[in-house]
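# Secondary and tertiary structure notes
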Amino acid sequence: MTAMLTEEQVLIKETAAAFAADRLRPHAAEWDETKHFPIDVIRSAAELGLGGIYAREDVGGSGLTRLDAVLVFEELSKGCISTAAFLSIHNMCTWMVDTFGGDDLRRQWAPRLTSMELVASYCLTEPGAGSDAASLRTRAVRDGDNYVINGAKAFISGAGTSDIYLVMARTGEDGARGVSTFIVEKGTKGLSFGANERKMGWNSQPTRQVAFDDVRIPARQRVGAEGHGFRFAMAGLDGGRLNIAACSLGGMQEALDRALQYTRERRQFGQAIAEFQATQFKLADMETECQAARSMLYNAARLLDAKDPSATRWCAMAKRFVTDTGSKVANDALQLHGGYGYLSDYGVERIVRDLRVHQILEGTNEVMRVIVSRDMLRQ
């Protein structure tokens, strides 16, 4: 697929791969085991322009394309899926502020996000509003020049450590049209965080509930107009789905590479297990699935860059296919390792654990099927 990329894209890919090799891969197992959030390493990614990959250049962004971002997250996730995924969330928040914020707001906040002076978390999901995100109950009530926010958000990556929270809250009627978007700073009175959730994977980033108890913020921290927040959130998720699919793609490629090396070295019955036809067939299927996922993802990114009317459908299809395929390929890689694949020393079981949640977040893969089928039937 490299032959289909521009020279600049090849350089972007190589730069991200070098960062992953130097700063992520050597520490990924330890971060997973100790549940360490490497915020210093994450902030250092801004030196490469990775704090605002597709934010505009006048606020310090890199001004790259969605395909460029996919290349970045694919490479970063080969080093550490969990850390790469958090960086993708920060980038989604940065883009939303840069794209939908008024000029004063974006100039106040976006440069500090692209430089990663501030790290951001995305707050949409609630304890009672997951797939049915438009039913969210967190409410922001206008009070003069302020809003007062009450409610709770669940499964928030980076919560407790991130500097700002991009919060979707209800300002009007029930449903999608009554939702607005706000920036809430850490340290604001009434903002608190739950315990770090004990999770199957993604252990290098904290996941907590975020609670709002009469949190008062200036009205100027509303992003865009009242009632437009859900549309902003959904627009952010088109790119977010590509990013998380890219993290699955990088993870599955890393798992495949490890399996290929292991099967060449592991000997049973007097020969390397790579010499057995059953192993060869399995490797061939894994490579085919990986390349098919890459083709679909790159195509979806190009359509989003082109603002093609079918882009949302393609983003949903790519997210569903690539994340499902990523989990399958990683599990196959574990199987090829036999009992050793179940041990943390070989790194494959961590890939399996980290990839599993990709089929749930940024919209479950069942919801992706709803998006695709509705768009098909609408034609």
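These notes cover the structure that comes with them. (Residues numbered from 1 in each chain as written. Predicted model: local features only at pLDDT ≥ 70, side-chain atom pairs only at ≥ 80, totals over all residues. Heavy atoms only, no water.)

All right, on to the layout of surface pockets then. Space inside the largest pocket adds up to approximately 1300 Å³. Lining the largest pocket are 39 residues; nearest its centre among them are Ile360, Leu361, Glu362, Gly363 and Thr364. For the lining of the largest pocket, the secondary structure elements donating two or more residues are α5 (81-100), β3 (146-157), α7 (229-265), α9 (311-336), α10 (348-356) and α11 (365-378). For the lining of the largest pocket, the element with the most residues is α11, which contributes 6 residues. Classifying every residue of the lining of the largest pocket by side-chain character gives 19 nonpolar, 9 polar and 11 charged. Quantified by volume, the second largest pocket comes out at close to 410 Å³. Lining the second largest pocket are 20 residues, and of these Arg66, Trp95, Leu304, Asp305 and Lys307 lie nearest its centre. Elements represented by at least two residues in the lining of the second largest pocket include exactly α5, α7, α8 (277-305) and α9. Looking at the lining of the second largest pocket residue by residue, the class counts come to 8 nonpolar, 5 polar and 7 charged. (1 Å grid on protein atoms, 1.4 Å probe; cavity = no way out; pocket = protein on both sides within 12 Å on 5 of 7 lines; lining within 4 Å. Points joined across faces, edges and corners; volume = space filled by probe spheres on them. Helix = DSSP H or I, 4+ residues; strand = E, 2+ residues; numbered from the N terminus. Nonpolar A, V, L, I, M, F, W, Y, C, P; charged D, E, K, R; others polar.)

A contiguous nonpolar patch, built from Tyr340, Leu343 and Tyr346 and spanning about 250 Å² of accessible area, is present on the exposed surface. Among the structural elements, tyrosine 346 can be located in the loop between α9 and α10. (Patch = residues over 30% accessible without salt bridge, like charges linked within 9 Å, V, L, I, M, F, W, Y side chains within 5 Å. Areas by Shrake-Rupley, 256 points an atom, 1.4 Å probe, with all protein chains shown as cover. Salt bridge = Lys/Arg side-chain N within 4 Å of Asp/Glu carboxyl O.)

Turning our eyes to something else, we now look at helix α1 (residues 7-24). At 3.6 residues per turn, the α-helix brings residues three or four places apart onto the same side. Spanning 18 residues, α1 covers 25 Å between terminal C-alpha atoms, matching the ideal 26 Å at 1.5 Å per step. Here α1 has its buried residues at Gln9, Ile12, Lys13, Ala16, Phe19, Ala20 and Leu24. For α1, the buried positions fall inside an angular range of 125° around the axis, keeping them on one side. Among the exposed residues of α1, those oriented more than 90 degrees off its buried face are Glu7, Leu11 and Asp22. The elements touched by buried residues of α1 are α2 (28-34), α3 (39-44), α4 (66-79), α5 and α8. (Expected span 1.5 Å × (residues − 1). Buried < 20%, exposed > 50% of the residue type's maximum accessible area, 1.4 Å probe, protein only. Arc of directions from axis to C-beta. Contact = heavy atoms within 4.5 Å.)

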